[in-house]
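Residues per chain, in single letters:
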Amino acid sequence: INSRPNASPCQGEINTSSSIISLLEKSSLITNSFGVTGYIEIYDMEPLSVPGNLESLSAIANYVIAAAAAAGLDKKATYNLRLAVDEIATNIISYGYEAAGRQGVVDLRADIDDRTLKICLEDTAEAFDPHGKLSVEEERLLVPIEQRPIGGLGVYLAIQSVDRFSYERIGNRNRNILIVNRSA
């Protein structure tokens with residue numbers, strides 16, 4: 001449920017100030033699949049925009065931890081989400097910007113509704129769909145552990161750490177969407 005009709009997961013103004021944890025409580029009238037109408041609480045965190053460099057990873061982690069706390073995620077779900085976002089952000093920064101000799105930003109947005117926490121990362125690096133790397137990493141799991149190279153399973157772990165993951169390319173922007181279900 002998104003309080004902004006027809007809004008994309010990362011749509012919205014990007015706030016470059018240092019205040020990243022400004023929660024705005026809203027109510028939205030909805031009708032569920034059983035025809036029951038009622039109000040639910042929706043929380044929107046201020047978006048975060050950080051330079052596309054490795055020094056930004058701690059700000060990204062803090063943002064994710066704050067979003068997880070606002071959503072009421074338990075420690076395990078918070079850890080898994082932080083791991084997943086850190087892996088995707090590290091790949092954006094390391095390969096999409098630094099290795100390609102490019103500069104850019106990583107934009108994050110957290111949307112919380114009564115059922116899910118959605119974290120969206122956007123960047124302007126070259127198109128990169130993590131699903132393509134996922135199949136390579138899954139094949140590595142078929143090799144006996146003694147014969148596997150160290151590392152190379154980050155995207156697999158990231159996607160396995162959340163309830164849903166999707167990627168889309170919108171214009172010149174990569175959009176990675178990670179969704180975690182909130183406890184009932």
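Novice: I'd love a proper account of the environment of Val-106, names of residues and values included.
Specialist: Mapped onto the secondary structure, Val-106 falls in strand E4 (residues 105–112). For the pair Val-106 and Asp-123, spaced 17 residues apart in sequence, the C-alpha to C-alpha distance is 5.1 Å. With sequence-adjacent residues up to four places away left out, Val-106 is seen in contact with Leu-48, Ser-49, Val-50, Gly-52, Ile-60, Ile-92, Ile-93, Tyr-97, Leu-121 and Glu-122.

Novice: Report on the pattern of salt bridges, specifying residues and quantitative values.
Specialist: What the rule picks out here adds up to 7 salt bridges. Between Arg-173 and Asp-107 there is a salt bridge; the shortest N-O distance is 2.4 Å. With Arg-173 in strand E7 (residues 173–181) and Asp-107 in strand E4, the pair connects residues that are 66 residues apart, well separated along the chain. Among the salt bridges present, the one from Glu-122 reaches Arg-175, with a minimum N-O distance of 2.6 Å. Here the residue Glu-122 occupies a position in strand E5 (residues 116–123), and Arg-175 occupies one in strand E7, the gap between them amounting to 53 residues.

Novice: Summarise the pairing of E5; cite the residues concerned and give the values.
Specialist: For E5, a buried count of 8 out of 8 residues is recorded, marking the element as mostly surrounded by other parts of the structure. Along E5, one buried face is formed by Thr-116, Lys-118, Cys-120 and Glu-122 and the opposite face, lined by Leu-117, Ile-119, Leu-121 and Asp-123, is buried too. Two strands pair when backbone bridges link them, and E4 and E5 are joined in this way by 7 bridges, in the antiparallel orientation. Within the sheet, the bridge partner assigned to Arg-109 lies in E5 and is Cys-120. Between E4 and E5, which follow one another and run antiparallel, lie 3 residues.

Novice: Give me the lowdown on the packing of helix H1 (residues 57–71) against helix H2 (residues 75–98), citing residues and values where you can.
Specialist: At a minimum axis separation of 10 Å, H1 and H2 run at an interaxial angle of 150 degrees. Viewed along their axes, H1 and H2 adopt a mutual orientation that is roughly antiparallel. As H1 runs across H2, the sense of the crossing is right-handed. Listed contacts from H2 to Leu-57, Ile-60, Ala-61, Val-64, Ile-65 and Ala-68 of H1 are Thr-78, Leu-81, Arg-82, Val-85, Asp-86, Ala-89, Thr-90 and Ile-93.

Novice: Requested: an account of H1, with residues and values cited.
Specialist: Taking 1.5 Å as the rise per residue, H1 with 15 residues should run 21 Å; its terminal C-alpha atoms sit 21 Å apart, in good agreement. Every buried residue of H1 is accounted for by Leu-57, Ile-60, Ala-61, Tyr-63, Val-64, Ala-66, Ala-67, Ala-68 and Ala-71. Two residues or fewer after H1 comes Gly-72, characterised by a positive phi angle close to 75 degrees.

Conventions and cut-offs
Residues numbered from 1 in each chain as written. Predicted model: local features only at pLDDT ≥ 70, side-chain atom pairs only at ≥ 80, totals over all residues. Heavy atoms only, no water. Helix = DSSP H or I, 4+ residues; strand = E, 2+ residues; numbered from the N terminus. Contact = heavy atoms within 4.5 Å. Salt bridge = Lys/Arg side-chain N within 4 Å of Asp/Glu carboxyl O. Buried < 20%, exposed > 50% of the residue type's maximum accessible area, 1.4 Å probe, protein only. Pairing = 2+ DSSP bridges. Axes fitted to C-alpha atoms, helices over the stretch in contact; angles between N-to-C directions. Parallel < 35°, antiparallel > 145°, perpendicular 65-115°, else oblique. Left-handed = near helix turned anticlockwise from the far one by under 90°. Expected span 1.5 Å × (residues − 1).

Function-wise, these values are silent; they only describe arrangement.
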